[in-house]
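Examining the three-dimensional arrangement
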Amino acid sequence: MIANVDIKIEKTAHSRVSENDVNNVPFGKCFSDHMFIAEYADGKWQKSHIMPYQDMPMSYAMSALHYGQAIFEGMKAYKSESGEVSIFRPLENFKRLNKSAIRMAMPEVPEEIFMGGLVELLKLDAAWVPTSETGSLYIRPFLIATDEAIGVKASDTYKFVIITCPAGKYYSEPIKVLIETNYIRAVEGGVGFVKAAGNYGRSLYPTRLAQQKGYQQVIWTDGKTHSFLEESGTMNLMFVIGDTVVTPALSDTILDGITRRSVLALAREWGMKVEERKISIQEILDAHAKGEIKEAFGVGTAATIAPILGIGYQDHYMELPAVAGREFCNKVDETLRNIRKGKAEDKMGWMYKVN
Ligand SMILES: *Cc1c(COP(=O)(O)O)cnc(C)c1O
């Protein structure tokens, strides 16, 4: 499947890996030795390259910068105790990238370029994958419009790029979240279901306002009625209400998270009741008043599980049960960690071996 991609490989003359403690570097600022680039021009994908990590020569008129024709993905690679490197469900990221590409009028990336580039890059930079219990190599594939042109139109040229950075000990402090009923993240018919770069830019200001009120993140509500919960910041949102795992059903305003799907698959395998449906603010207020909300958490690649300590709504604050005693999310976190580190059987076939 991935054998027939022709990648020109230029290795670095001086690896930086020994200068960095990959288990302890700050997340997102230290990049591995190499990067992958495939260029699109003249209506087709051109040659692919792996080269030392470097800056991009570009025009200030580059179209991605002006109108946001830019999409991205995020996934992680893990190292087992015996040194094998595997990526968590990369084919799902490949499919989602192309879903995003279609919505943003960009060319789809062929599987042999996405997977071939990914595997070759990780083989070369395997020493950058952290070995710590909760460490991983964060992988950022992205596709950007590169025409030097100010006119508004779909670009004729693109770059598909993969860069990686170690995520040493990723730990997320439990967060307080504020239900946001003024600003919105996504609207029906919009781009909320894809990983478009602009979805993040627009979220920063409402998040800052919530932070000024003592919260770390917002819970987004639907754009029409502001009465149904959608996502938690940049993560999908889940509750355990009574004995049921409840999460908003997918729609074009909710991103189809791979962590979300994996958590639901585990819950179903464990015989738990799972409901994917609308969740209203009123339901959460009522369930909290009755003491039925056992857990609330965000799910996504960066943190896997981000426990929610409490939820604010207008002047009301709902304190939730202590995180240490939350059975479901703690069990999911541990199970996923063991599967990823090769310590538990990978029954679902989620790990994609690189070396
Ligand atoms: C990426 C993302 C998620 C989480 O998706 P994963 O595949 O689990 O990482 C959730 N919500 C939004 C808005 C996202 O962009």
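Provided above is the structure to which this section pertains.
Residues numbered from 1 in each chain as written. Predicted model: local features only at pLDDT ≥ 70, side-chain atom pairs only at ≥ 80, totals over all residues. Heavy atoms only, no water.

Per the secondary structure count, the protein chain includes eight helices and 18 strands. Principal axes of the C-alpha set define a box for the protein chain whose edges measure 60 × 55 × 35 Å. Buried positions account for 53% of the 355 residues belonging to the protein chain. Summed over all atoms, the accessible surface of the protein chain reaches about 16200 Å², with 52% contributed by carbon and sulfur. Distance from the positive charge centre (41 side chains) to the negative charge centre (44 side chains) of the protein chain: 1 Å. (Helix = DSSP H or I, 4+ residues; strand = E, 2+ residues; numbered from the N terminus. Buried < 20%, exposed > 50% of the residue type's maximum accessible area, 1.4 Å probe, protein only. Areas by Shrake-Rupley, 256 points an atom, 1.4 Å probe, with all protein chains shown as cover. Lys, Arg positive; Asp, Glu negative; His and termini not counted. Charge placed at Lys NZ, Arg CZ, Asp CG, Glu CD.)

Bringing the packing of aromatic side chains into the picture now. In the structure shown here, the tally under the stated rule is 13 aromatic pairs. Arranged with centres 5.7 Å apart and planes meeting at 25°, the rings of Phe-114 and Phe-160 form a pair that is stacked. One end of the pair, Phe-114, is in helix H3 (residues 111-124); the other, Phe-160, is in strand E8 (residues 158-167), and 46 residues separate them in sequence. Like Phe-114, the residue Phe-160 is buried in the burial classification. The structure contains a cluster of three or more aromatic residues connected by ring pairs, namely Phe-36, Phe-94, Phe-114 and Phe-160. Here the guanidinium or amino end of Arg-340 rests over the ring plane of Phe-88, the centre of that ring lying 4.2 Å away. (Phe/Tyr/Trp six-rings, centres within 6.5 Å; stacked < 30°, edge-to-face > 60°. Lys NZ or Arg CZ within 6 Å of the ring centre and 35° of its normal.)

What follows concerns a nonpolar patch on the surface. A cluster of nonpolar residues, Met-56, Met-58 and Leu-65, forms a patch on the protein surface that exposes about 270 Å² of accessible area. With respect to the element layout, Leu-65 can be found in helix H1 (residues 63-67). (Patch = residues over 30% accessible without salt bridge, like charges linked within 9 Å, V, L, I, M, F, W, Y side chains within 5 Å. Salt bridge = Lys/Arg side-chain N within 4 Å of Asp/Glu carboxyl O.)

What follows is about unusual backbone geometry. Of note in the backbone geometry, Thr-304 takes a positive phi value of approximately 65° without being a glycine. Topologically, Thr-304 is positioned in strand E16 (residues 304-313). The backbone of Gln-314 shows a phi angle near 50°, a positive value even though the residue is not glycine.

This part is about the site of the ligand. In the vicinity of the ligand there are 14 residues, among which Lys-195, Tyr-200, Glu-231, Thr-259 and Thr-301 approach most closely. Residue Ile-258 places a main-chain N or O atom 2.8 Å away from an oxygen atom belonging to the ligand. Take Thr-259: an N or O atom from its side chain is 2.6 Å from an oxygen atom of the ligand. For the ligand, whose free accessible area comes to 380 Å², the fraction covered by protein is 96%. A majority-of-atoms criterion places the ligand in the largest pocket. (Near = heavy atom within 4 Å. Polar contact = N/O pair within 3.5 Å; in protein donor to acceptor, adjacent residues only side chain to side chain. 1 Å grid on protein atoms, 1.4 Å probe; cavity = no way out; pocket = protein on both sides within 12 Å on 5 of 7 lines; lining within 4 Å. Sits in = over half its atoms within 2 Å of the grid points.)

This next bit is on the state of the cysteines. Per the counting criterion, the structure on display carries zero disulfides. There is no disulfide at Cys-30, and the cysteine sulfur nearest it, in Cys-165, is 7.9 Å away. Given the relative accessible area of 11%, Cys-30 is considered buried. (Disulfide = S-S within 2.5 Å.)

Within this model, the largest pocket holds a volume of roughly 870 Å³. Tyr-200, Gly-233, Thr-234, Met-235 and Ala-302 are the residues nearest the centre of the largest pocket, which is lined by 38 residues in total. Counting residues per element, the ones that place at least two in the lining of the largest pocket are strand E7 (136-145), helix H4 (197-201), helix H5 (204-212), strand E10 (217-221), strand E11 (229-232), strand E12 (235-241), helix H6 (258-269) and strand E15 (293-300). Counting residues domain by domain, the lining of the largest pocket receives three or more from each of domain 1 (7-168) and domain 2 (175-340). (Points joined across faces, edges and corners; volume = space filled by probe spheres on them. Domains from an automatic or database assignment.)

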